[in-house]
Amino acid sequence: MGSGNQQKQVRAYRGQMVSPGRPTIAWREDRVRFWAAIAEGAKTRDAGVAAGVSEPVAHRWFVHAGGVNPQLAPTLSGRYLTSGNHEEIALWRAQGCGVREIARRLGRSPSTISRELRRNASTRSYRLDYKASTAQWHAERRARRPKTAKLVSNELLRAYVDDKLSGHVRTIEGGRLGPAGPVWDGKNKPHRGDREWVTAWSPQQIANRLPVEFPDDPSMRISHEAIYQALYVPARGGLSRKQSWHLRHGRTKRMPRARTQQQAWAHVTDATTLNKRPAEAEDRMVAGHWEGDLIIGLNRSAIATLICRTTRFAMLVHLPRQTGYGLIRPTKNGPALAGYGAVTTKNALVKTFEVLPAGLRRSLTWDRGKEMSAHALLTDEIGLPVYFADAKSPWQRGSNEHLNGLLRQYFPKGTDIARWSVTEIQAVADTINNRPRGILGWRTPAEAFAEQLRSTQQAAVATTS
C-alpha cells in the first residue's frame, strides 16, 4: 500500500506525461554525432554508422526532424547529470549503495542524487526501479523547452502565409484552375506528374513582403527560416508538411547544405577523367576509340549509342526494360528495372564490344551518367578503359552528340523507345552507317569501319605468324 501511495505522489510530482514506450537505445551524445556527420555531408546511413545506430533509426531521426539540424550542444552544462552519470547511478544503486555514497562517488550533493532517484525512476512496475535508459528519457523530456511557433499563435499571420504559399490559382470569376494534384504520400514531389497550381510564393518572398503590406503591424513579421521549419519540422506546427510540395523543388525534407555541394559523380575517379585518355585518341587517326551515351525515351526507356571517333561507325545497344517493370514497386537501393541500370548497361556493352578485336576497343569516352557506375567491371571483363568527359561539356563527345541528334529522327523525345526490337534498332544503325559522310571523303562509315577491321585482322594474323 505504501508503494502505491509513493507511486501516486511521484506521478503527481512529475505531472502529466505520455508513456515513453520502449526507452530509446540512443541518447543525446549519439544524436550529436549523427547530426555532426549530416552537417559534414554524410548520407543518412553513414551518419547512423557514425552515431552507432541502425539505418532505420538514423532515417527516423532525419525524417522526424525534417532534415533540420536541431543544433544540439555537444556537451551538457556541468550542473546536469549526463547519460554516463545515469548509468553509474543505476549500477551503484543495483549494488546496494546508499544515496550519500553515490553522491560522494559522483562529487554531487546527496539531495541531487535523492531527487534524481525520485524524479527519473521507472514507475511502470510495482517498485520505483531506477534504470539508466528510463532516467535519460525523463531527463531529455524535461529539458525540452518548446516555444510556441509564431504561426501557431498568430492566426492572421498563418492565414497570410498559407494563402501566399498554397493559395489556389483562380480565374477572374474565382473559379479554381489546374489539376487536383497527386495523393499525398509523404515523399518528394511526384516525378513527371501533375502538381497543384498554387500561388507558390517562396518563404523569402513572403517574409520580405510582409513589411510592405503591413508596415504598422509588427506582429505581422516572420523570417523565411521560420516558415521553412514550420514546413519541414512536424513539431513546429502552423503549416502542413504536405505544403512543402508547393515549394519550387517540392522536397519534403531539407537538403543539408554540405550535401548540395557534393558532386553527384562519385564513380568518376582521377584515373578516369578525360585528361587521362591516350593522346592518340585526340587526332582520330587510330581506330578503336569510342564515344558513348544514352538516348532516353518515355517511361524510362533507353538505347545506348556508340560511335567510333575515327570511322564514325555507330552501334546501337538495345536496353529493354527488365521483368517486373511497372509491376514491382520501386524500392530504395532495389533492382534497376528500367533497363539502363549500371550492371545492365555494363552487361549490354560487354556483349556488344566482345565481338570486336582488341585493336578496335582501345577506349570509351562517356558522359557522367550513373548508368556507367560499373565501368571498372567493364574494363576488367573486356579490357576496355572508360574515360568520362568533363561536367556540362558535351563538345568533348561531339561525334556522339551528333549521332544522337540524327537518331532523334527515328526515336523522337517523348516516345517509348522500349517498343522497338533488336532487329529494328539494328536496321536504324545500318541506315546511319550507310550514309556517305563528307568528313570521310564521301565514303560511308560502314566502308571506313570495314577497312579498319580488315587492317586489324591482317595485323593480328601477321603477328601470330
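Just so we're clear, the structure is a prediction, and the values are computed from it rather than from any experiment.

(A) Region of interest: the overall build of the chain. The helix and strand inventory of the chain stands at 18 helices and five strands. The buried share of the chain, taken over its 465 residues, is 39%. In the chain, the proportion of contacts linking residues at least 24 apart, taken out of those at least 6 apart, comes to 61%. Accessible surface computed for the chain: about 26,600 Å², of which carbon and sulfur atoms make up 52%.

(B) Structural context of the sheet that holds strand 1 (residues 289–296). Across the sheet, which stays open at both edges, the five strands sit in the order 3-2-1-4-5 with mixed pairing between neighbours. The open sheet has two free edges, formed respectively by strand 3 (314–319) and strand 5 (386–388), since each of these has just one partner strand. This sheet shows a mean twist of 25 degrees between the axes of neighbouring strands, independent of strand direction. Pairing between strand 1 and strand 4 (residues 363–366): four bridges, direction parallel. Looking at strand 4, one finds that Trp290 is bridged to Leu364. Contacts from helix 14 (residues 342–353) reach strand 1, strand 2 (302–308), strand 3 and strand 4 within the one sheet, and its direction differs from that of strand 3 by about 140 degrees. Relative to the sheet, helix 16 (residues 398–407) contacts strand 1, strand 2 and strand 3, its axis offset from that of strand 1 by approximately 40 degrees.

(C) The arrangement of the nonpolar core in detail. Trp290, Leu306, Leu349, Phe353, Leu364, Trp366 and Leu378 are the most contacted members of the largest nonpolar core, which has 29 residues in total. Taken together, the elements giving at least two residues each to this core come down to strand 1, strand 2, strand 3, helix 14, strand 4, helix 15 (375–382) and strand 5. If you look at the next biggest cluster of nonpolar residues, it comprises 17 residues, including Leu157, Leu231, Tyr232 and Leu239.

(D) Structural view of helix 14. Between its first and last C-alpha atoms helix 14 spans 16 Å; for twelve residues at 1.5 Å apiece the expected length is 16 Å, and the two agree. If you check which residues of helix 14 are buried, you get Thr345, Lys346, Ala348, Leu349, Val350, Thr352 and Phe353.

(E) Layout of the side chain of Ser301. Within the secondary structure layout, Ser301 lies in the loop between strand 1 and strand 2. In this view, Ser301 contacts Ile295, Ile296, Arg321, Thr415, Asp416, Ile417 and Ala418; residues no more than four positions away in its chain are not counted.

(F) Main features of the packing of aromatic side chains. In total, this model carries nine aromatic pairs according to the counting rule given. Aromatic side chains Trp290 and Phe449 sit 6.0 Å apart centroid to centroid with 65 degrees between the ring planes, which places their arrangement in the edge-to-face category. With Trp290 in strand 1 and Phe449 in helix 18 (residues 445–464), this pair connects stretches of sequence that are 159 residues apart. Clustering of aromatic rings is evident, with ring pairs tying together Phe34, Trp35, Trp61 and Phe62. Positioned above the aromatic ring of Trp61 is the side chain of Arg31, whose terminal nitrogen or guanidinium carbon lies 6.0 Å from the ring centre. We note Lys164 situated over the ring of Trp201; from NZ or CZ to the ring centre the distance is 4.7 Å.

(G) Broad picture of the pairing of strand 2. Burial runs high along strand 2: seven of the seven residues are buried. Where burial is concerned, the two faces of strand 2 agree: the one with Ala302, Ala304, Leu306 and Cys308 and the one with Ile303, Thr305 and Ile307 are both buried. Pairing between strand 1 and strand 2: seven bridges, direction antiparallel. Within strand 2, the residue paired with Leu294 across the bridge is Ala304. Hairpin connection between strand 1 and strand 2: a loop of five residues separates the two successive antiparallel strands, and Asn299 in this loop has a positive phi of roughly 55 degrees. As judged from the six bridges shared by strand 2 and strand 3, these two strands associate in the antiparallel manner. From the neighbouring strand, Ile307 faces strand 3, where its bridge partner is Ala314. Where strand 2 folds back onto strand 3 in an antiparallel hairpin, the turn is made up of five residues, including Arg312, whose phi is positive at roughly 60 degrees.

(H) Looking closely at the pattern of salt bridges. Enumeration according to the criterion identifies 15 salt bridges in this entry. Of the charged contacts in the structure, one is a salt bridge between Asp163 and Lys164, with a shortest N-O distance of 4.0 Å. Overall, Asp163 belongs to the partly exposed group, its relative accessible area being 41%. Among the salt bridges present, the one from Arg362 reaches Glu280, with a minimum N-O distance of 4.0 Å. Of the two residues, Arg362 sits in the loop between helix 14 and strand 4 while Glu280 sits in the loop between helix 13 (257–260) and strand 1, which places them 82 residues apart along the sequence.

(I) Expanded view of the confidence of the model for the chain. In the predicted model, the chain carries a mean pLDDT of 86, and 88% of its residues have values of at least 70. A low-confidence stretch, residues 15–23 (pLDDT under 50), is modelled with eight contacts involving residues beyond four sequence positions or located in other chains.

(J) Highlighting the packing of helix 5 (residues 83–94) against helix 7 (residues 110–119). Close contact between helix 5 and helix 7 brings their axes to 12 Å; oriented N to C, the two are set at 85 degrees. The orientation of helix 5 with respect to helix 7, classified from their angle, is roughly perpendicular. Each of His86, Ile89 and Arg93 in helix 5 lies in contact with helix 7, whose residues at this interface are Ile113, Glu116 and Leu117. Taken together, the residues of the contact of helix 5 with helix 7 sort by class into three nonpolar, one polar and two charged.

(K) Region of interest: unusual backbone geometry. Within the chain, Asn299 stands out as a residue other than glycine whose phi angle is a positive 55 degrees. Along the chain, Asn299 falls in the loop between strand 1 and strand 2. Positive phi, normally seen in glycine, also occurs at Arg312, with a value near 60 degrees. Tracing the backbone shows Arg312 in the loop between strand 2 and strand 3.

Definitions and limits used
- Residues numbered from 1 in each chain as written.
- Predicted model: local features only at pLDDT ≥ 70, side-chain atom pairs only at ≥ 80, totals over all residues.
- Heavy atoms only, no water.
- Helix = DSSP H or I, 4+ residues; strand = E, 2+ residues; numbered from the N terminus.
- Buried < 20%, exposed > 50% of the residue type's maximum accessible area, 1.4 Å probe, protein only.
- Contact = heavy atoms within 4.5 Å.
- Areas by Shrake-Rupley, 256 points an atom, 1.4 Å probe, with all protein chains shown as cover.
- Pairing = 2+ DSSP bridges.
- Axes fitted to C-alpha atoms, helices over the stretch in contact; angles between N-to-C directions.
- Core = buried A, V, L, I, M, F, W, Y, C linked by side-chain atoms within 4.5 Å.
- Expected span 1.5 Å × (residues − 1).
- Phe/Tyr/Trp six-rings, centres within 6.5 Å; stacked < 30°, edge-to-face > 60°.
- Lys NZ or Arg CZ within 6 Å of the ring centre and 35° of its normal.
- Salt bridge = Lys/Arg side-chain N within 4 Å of Asp/Glu carboxyl O.
- pLDDT = per-residue confidence, 0-100.
- Parallel < 35°, antiparallel > 145°, perpendicular 65-115°, else oblique.
- Nonpolar A, V, L, I, M, F, W, Y, C, P; charged D, E, K, R; others polar.

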